[in-house]
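Each chain, written out:
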Amino acid sequence: MSRAAKVTLGLSVLGSALIVWGVHHLQEKERETMFQGVLRDDERRREKMRQREEDLQRSMQKREVYERVQTVSRQAPDPRG
């Protein structure tokens, strides 16, 4: 093999190796970014559930207060009049 062919082959192998490494590195970064998104989604879901629990507690407390102040009939009114 001539010297130019060896240099070309060496540069081609080196370039290919760098491309493979670069793609692998980008995939790793993307995988980590996607995982961070999952963690953020889990945190948002937990916060939403906590907020709903608080809303439910406030609603139950209001209901207790209203039931103490107002008389509540357990029967539904007759729709026929």
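Heads up: the structure comes first, above all this text.
Parameters at a glance
- Each chain has its residues counted from 1, following the order in which its sequence is written.
- A pLDDT threshold of at least 70 governs which residues receive local features in this predicted model, and a stricter bar of 80 or more applies before side-chain atom pairs are shown or counted, although totals over entire chains, interfaces and linings include all residues.
- Processing note: side-chain calculations cover all non-hydrogen atoms of the structure and skip hydrogens and water entirely.
- Working definition: helices are DSSP H or I runs of at least four residues, strands are E runs of at least two. Numbering for both runs from the N terminus.
- Only the C-alpha atoms count toward the radius of gyration. The rule for a globule is 2.2 Å times the residue count to the power 0.38.
- Type-normalised accessible area, obtained with a 1.4 Å probe on protein chains alone, sets the label of each residue: buried when under 20%, exposed when over 50%, and partly exposed for intermediate values.
- Each accessible area value is a Shrake-Rupley result obtained with a 1.4 Å probe; residue values ignore everything except the protein chains displayed when judging cover.
- Positive: Lys, Arg. Negative: Asp, Glu. His and the chain ends are not part of the count.
- Think of each charge as sitting on NZ of Lys, CZ of Arg, CG of Asp or CD of Glu.
- Salt bridges, as used here, are contacts in which a Lys or Arg side-chain nitrogen is within 4 Å of a carboxyl oxygen on Asp or Glu.
- For patches, a residue must show more than 30% relative accessible area and have no salt bridge; joins then use 9 Å for like charges and 5 Å for nonpolar side chains, namely Val, Leu, Ile, Met, Phe, Trp and Tyr.

Undergrad: I'm lost on the overall build of the chain in this one. Help?
TA: A count of helical and extended segments in the chain gives one helix and zero strands. Against the compact-globule benchmark of 12 Å for 81 residues, the chain has a radius of gyration of 34 Å, which places it well outside the compact range. Taking the principal axes of its C-alpha atoms as reference, the chain extends roughly 105 × 30 × 10 Å. Counting only residues that meet the buried cut, the chain has 1% of its 81 residues in that class. Put simply, the chain shows about 8,100 Å² of open surface, and 59% of that area lies on carbon and sulfur atoms. For the chain, the distance from the average position of its 17 positive side-chain charges to the average position of its 13 negative side-chain charges is 5 Å.

Undergrad: Honestly, the environment of Leu9 in this entry has me stumped. Any pointers?
TA: Mapped onto the fold, Leu9 is located in helix H1 (residues 3-69). Residue Leu9 is classed as partly exposed on the basis of its relative accessible area of 46%. Considered as a pair, Leu9 and Arg58 are 49 residues apart in the sequence and their alpha carbons are 74 Å apart.

Undergrad: I keep staring at the environment of Arg63 and nothing clicks. Help me out?
TA: Looking at the secondary structure, you find Arg63 in helix H1. Along the backbone, Arg63 and Gly22 are 41 residues apart, and their C-alpha atoms lie at a distance of 61 Å.

Undergrad: I would appreciate a short explanation of the pattern of salt bridges in the present structure.
TA: Pairing between side chains of opposite charge can happen when their charged atoms approach one another. Overall, the coordinates contain seven salt bridges when judged by the stated rule. Notably, a salt bridge pairs Glu28 with Arg31, separated by 2.7 Å at the nearest N-O pair. With Glu28 and Arg31 both in helix H1 and three residues apart, the pair spans about one turn of that helix. According to the relative accessible area criterion, Glu28 is partly exposed, its value standing at 37%. Judged by relative accessible area, which is 49%, Arg31 ranks as partly exposed. Note that Glu47 and Arg50 form a salt bridge whose closest N and O atoms lie 2.3 Å from each other. Here Arg50 and Glu47 lie together in helix H1, a separation of three residues that amounts to about one turn. Using a relative accessible area of 38% as the deciding quantity, one classes Arg50 as partly exposed.

Undergrad: Sorry, what's going on with a nonpolar patch on the surface here?
TA: Taken together, the side chains of Val7, Leu11, Leu14 and Leu18 present a nonpolar region at the surface, about 400 Å² in accessible area. With respect to the helices and strands, Leu11 occurs in helix H1.

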